[in-house]
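Structural features, examined
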Amino acid sequence: MADQLSLLLDSATRFPLPNGLSFSYGTSGFRSDGSVLGSTVHRAGIVAALRSLKTGSTVGLVITASHNPVCDNGVKIADPDGSMMDQSWEPFANALANAPDPNSLAQLVLQFAKDEEIPLGGGQSAEVLLARDTRPTGETLLEAAKQGISSIIGTVAIDMGILTTPELHWMVRCWNNGTKASESDYFAQLSNSFRSLMELAPNDNLNLDTVEKKLIVDGANGVGGFKLEEIKKNITGLEIDVRNTGKEGEGLLNEGCGADFVQKEKFAPCGFGLSDLGIRCASLDGDADRLVFFRLIPNSNNKIELVDGDKILSLFAIFIQEQLRLLEELPARLGVVQTAYANGAATDYIKNLGLEVIFTPTGVKYLHEKALEYDIGLYFEANGHGTILFSKEFLSQLDSVNRELSSKLPGSKKQKAASRLVAVTQLINQAVGDALSGLLLVEAILHNKGWSFQKWCDLYQDLPSRQLKVKVADRTAIVTADAETRVVKPAALQELIDIETAKYTHGRCFVRPSGTEDVVRIYAEAATQDSADSLANSVAQHVNQILGSDIKT
Ligand SMILES: CC(=O)N[C@H]1[C@@H](OP(=O)(O)O)O[C@H](CO)[C@@H](O)[C@@H]1O
Ligand SMILES: [Mg+2]
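Residues numbered from 1 in each chain as written. Chains lettered and ligands numbered in written order. Predicted model: local features only at pLDDT ≥ 70, side-chain atom pairs only at ≥ 80, totals over all residues. Heavy atoms only, no water.

A few words on the UniProt feature "active site" (unreviewed entry) in the protein chain. In this numbering, the UniProt entry assigns the feature "active site" (unreviewed entry) to S66. Tracing the backbone through its elements, the reader meets S66 in the loop between β2 (59–63) and β3 (72–78). A relative accessible area of 3% means that S66 is categorised as buried. If sequence neighbours within four positions are ignored, S66 has contacts with R31, D133, R135, N254, D285, G286, D287 and D289. (UniProt positions renumbered as here; feature names shortened; annotations may be inferred. Helix = DSSP H or I, 4+ residues; strand = E, 2+ residues; numbered from the N terminus. Buried < 20%, exposed > 50% of the residue type's maximum accessible area, 1.4 Å probe, protein only. Contact = heavy atoms within 4.5 Å.)

Looking at the magnesium ion (ligand 2), one finds its protein donor set to be S66 (OG), D285 (OD), D287 (OD) and D289 (OD), positioned 2.0 to 2.2 Å from the metal centre. Going along the chain, you hit the donors of the magnesium ion (ligand 2) in the pattern S-x218-D-x1-D-x1-D. Linking S66 in the loop between β2 and β3 with D289 in the loop between β8 (280–284) and β9 (291–296), this pair joins segments that are 223 residues apart in sequence. (Donors = N, O, S within 2.8 Å, 3.2 Å for Na, K, Ca; no water.)

All right, on to helix α12 (residues 364–371) then. Buried residues of α12: V364, K365, L367, H368 and A371, and no others. The buried residues of α12 all sit within an arc of 165° when viewed along its axis, so they share a single face. Elements in contact with the buried residues of α12: α3 (90–97), β11 (334–338), β13 (376–380) and β14 (386–390). (Arc of directions from axis to C-beta.)

Our focus in this paragraph is the nonpolar core. F293, F316, L378, I388 and W456 are the most contacted members of the largest nonpolar core, which totals 81 residues. Core analysis: the next-biggest nonpolar cluster, separate from the first, contains 45 residues, A44, A48, A97 and I149 among them. (Core = buried A, V, L, I, M, F, W, Y, C linked by side-chain atoms within 4.5 Å.)

Now for the site of ligand 1. Near ligand 1 there are 16 residues, and of these T27, S514, G515, T516 and R521 occur at the shortest range. In this structure, an oxygen atom belonging to ligand 1 sits 2.7 Å away from a side-chain N or O atom of E381. The separation between an oxygen atom of ligand 1 and a polar side-chain atom of T516 is 2.5 Å. Here ligand 1 is seated within the largest cavity. Split into classes, the residues belonging to the shell around ligand 1 amount to 1 nonpolar, 10 polar and 5 charged. (Near = heavy atom within 4 Å. Polar contact = N/O pair within 3.5 Å; in protein donor to acceptor, adjacent residues only side chain to side chain. 1 Å grid on protein atoms, 1.4 Å probe; cavity = no way out; pocket = protein on both sides within 12 Å on 5 of 7 lines; lining within 4 Å. Sits in = over half its atoms within 2 Å of the grid points. Nonpolar A, V, L, I, M, F, W, Y, C, P; charged D, E, K, R; others polar.)

Attention now goes to the sheet that holds β14. In spatial order, the strands read β12-β11-β13-β14; together these 4 strands make up an open sheet with mixed pairing. Each edge of the sheet is formed by a strand with only one pairing partner; in this case those strands are β12 (356–359) and β14. Mean inter-strand twist for the sheet, computed between neighbouring axes without regard to direction, equals 20°. As paired strands, β11 and β12 are joined by 4 bridges and run parallel to one another. Looking at the pairing, G335 lines up with E356 of β12. The sheet contacts of helix α10 (residues 309–325) involve β11, β13 and β14, and relative to β13 the element is tilted by about 165°. (Pairing = 2+ DSSP bridges. Axes fitted to C-alpha atoms, helices over the stretch in contact; angles between N-to-C directions.)

It is worth spelling out the pattern of salt bridges at this point. Taken as a whole and judged by the stated rule, the model has 32 salt bridges. A salt bridge links R243 to D241, with the shortest nitrogen-to-oxygen separation between them at 3.2 Å. E443 is paired through a salt bridge with R280; the nearest N and O atoms lie 2.6 Å apart. With E443 in helix α15 (residues 435–449) and R280 in strand β8, the pair connects residues that are 163 residues apart, well separated along the chain. R280 carries the same exposure label as E443, and that label is buried. Beyond isolated ion pairs, a larger network of salt bridges with shared partners links D241, R243 and D276. (Salt bridge = Lys/Arg side-chain N within 4 Å of Asp/Glu carboxyl O.)

Attention shifts here to the packing of aromatic side chains. Counting across every chain of the model gives 15 aromatic pairs. Judged by centre distance (6.3 Å) and plane angle (85°), the rings of W89 and F92 are edge-to-face. Comparing W89 with F92 shows no difference in burial state: the two are buried. When the centroid spacing of 4.8 Å and the interplanar angle of 90° are considered together, the rings of W89 and F112 count as edge-to-face. (Phe/Tyr/Trp six-rings, centres within 6.5 Å; stacked < 30°, edge-to-face > 60°.)

Moving on to the UniProt feature "binding site: Mg(2+)" (unreviewed entry) in the protein chain. Here, the residues flagged by UniProt with the feature "binding site: Mg(2+)" (unreviewed entry) are S66, D285, D287 and D289. What stands out for the annotated residues spanning 224 residues is how close their C-alpha atoms remain, the widest pair being 8.0 Å apart. Restricting the annotated residues just mentioned to those that line the largest cavity leaves S66, D285 and D289. Looking at S66, its side chain comes within polar contact range of the side chain of H67, at 3.2 Å. Of the residues examined, D285 reaches a relative accessible area of 0% and is grouped as buried. Reaching out from D285, the side chain makes a polar contact with the side chain of S66 at a distance of 2.8 Å.

Let us now look at the side chain of T245. As for its placement among the helices and strands, T245 is situated in the loop between β7 (239–243) and α9 (259–265). Within the local environment of T245, its side chain forms a polar contact with the side chain of E250, the two groups lying 2.3 Å apart. Setting aside anything within four residues of it in sequence, one finds T245 in contact with N221, G222, F226, E229 and E250.

Moving on to the environment of P69. Looking at where P69 falls in the secondary structure, it is placed in the loop between β2 and β3. With relative accessibility at 45%, the residue P69 sits in the partly exposed group. For the pair formed by P69 and H368, sequence separation is 299 residues and the distance between their alpha carbons is 26 Å.

For the protein chain, mean pLDDT is 95; residues scoring 70 or higher make up 97% of the total. Here the complex is predicted with pTM 0.95, and the ipTM for its interfaces comes to 0.98. (pLDDT = per-residue confidence, 0-100.)

A separate point is unusual backbone geometry. Most peptide bonds take the trans configuration, and most residues that are not glycine carry a negative phi. The omega torsion across K489 and P490 is -10°, close enough to zero to call that bond cis. Phi at S66 is positive, roughly 50°, even though this residue is not glycine. If you check the backbone angles, K266 has positive phi at about 60° while not being a glycine. The exposure class assigned to K266 is partly exposed, which follows from its relative accessible area of 34%.

Structure below.
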């Protein structure tokens with residue numbers, strides 16, 4: 001243990017906590033300006049190493065700040081099944097990230113290892129897969145992570161290179177399942193299952209004019225665009241034009257582009273214009289775990305018609321429900337998980353499909369956890385982050401039903417329905433929301449259904465909504481309940497929100513502290529855009545008055 005202690009002390013001395021800063025494992029890991037994150041990432045490396053020792057499996061660590069500006073960076077840890085690190089470890093991660101000096105850091109580690117019965121000292125080996133996005137601070141931070149990992153005896157760090165966040169999660173999952181886990185395996189799985197699903201389209205769909213073959217994708221000048229360039233080499237039946245790939249001269253990461261910009265501003269990203277009118281477009285975020293679709297509105301100064309995560313979720317739900325209806329021998333409990341940011345019209349639509357809808361706080365770690373409770377759990381945040389999870393039992397039943405139908409009733413409607421479901425389970429990334437796998441699934445489903453983009457848009461009409469953010473002195477002064485739909489502290493704020501909301505038809509409004517930015521977010525929905533804007537503005541004024549701040553959009 002003495003060696004372990006001196007190794008920790010020595011390593012921690014090289015990554016001192018910056019003066020006056022504190023860090024918190026928020027909605028999606030630690031995030032801050034990339035230049036101050038050395039100690040945090042080093043310590044996240046230690047947490048990952050301990051997590052691997054505790055679980056006896058390989059875990060992941062990815063360095064990214066997703067949709068945030070290029071100067072930001074962040075770090076998050078993936079559990080052995082590829083999902084986000086178990087939330088019960090977040091308090092330890094927070095304590096470690098804020099330990100004031102090497103000595104207290106080492107003591108925290110030793111005490112935690114003792115409490116959690118984690119075998120230190122090298123008797124057991126551990127493994128952490130590492131990846132980063134394209135941010136300039138990524139390389140130095142990756143080195144910090146490696147040093148954190150190697151300060152726990154017996155732990156090996158394996159650098160998987162520049163990857164999308166979902167690729168790393170997928171690799172961790174496959175690595176532990178003993179299945180092929182390289183990037184080329186990931187590409188092959190996506191393109192093979194996409195091909196299978198496209199080939200299962202009813203024959204009369206193959207030449208429909210409504211199935212527009214062209215798709216333009218905004219890569220947010222991040223990692224997703226150039227990965228998609230690779231995948232598209234093995235894809236037929238879809239013509240993909242990737243823009244904002246991050247190549248020299250194409251612009252800055254997430255600046256005026258990317259899924260977050262498109263979803264929140266409802267404008268086309270840079271690099272898109274009049275010549276793209278009428279063409280189906282999609283936008284990824286900087287680390288390619290979010291996906292939205294859109295189409296430019298003629299004569300509107302680059303305004304767009306948006307198809308967000310809610311509508312992607314609806315499309316997936318319809319398709320899965322349709323296949324299951326053909327397969328009465330395959331009963332499945334289907335559940336849909338959303339957050340308060342889901343448009344009210346989307347929730348009504350999904351409930352009208354007869355599906356169970358549950359709400360969780362913001363952050364995929366919460367949605368994912370709930371979705372695991374179903375045979376088939378679909379979850380999406382409105383911003384386009386989500387996936388479909390299939391339980392082990394369902395997957396094995398599907399496999400046997402599919403085998404039986406393939407031998408007894410090949411080519412039948414039932415057999416095709418089972419094969420479509422199998423292809424969906426292979427195409428969707430079951431570790432975490434994945435923009436690239438989601439994009440291909442959307443395209444294959446539209447093709448199977450013979451649906452135009454317009455038909456998809458027309459599933460339901462979104463209620464007008466507005467999001468604002470307000471910078472306050474201390475955003476943690478706001479405490480929420482009921483999946484963040486109500487403020488419990490300061491109590492006066494909720495009363496004011498209720499009074500404002502009651503003034504509008506279909507009014508709905510909530511506020512919550514962001515887990516990734518130092519702001520309070522305001523969401524408002526109402527029957528008209530003017531009402532949604534005015535509701536959001538008046539609530540922002542109240543937040544401003546009660547907590548002291550400036551309104552930002
Ligand atoms: C309104 C909104 O889009 N919030 C996003 C954003 O979290 P905040 O806690 O709202 O900052 O980033 C998270 C991580 O990407 C994502 O899970 C979440 O949905
Ligand atoms: Mg992201």
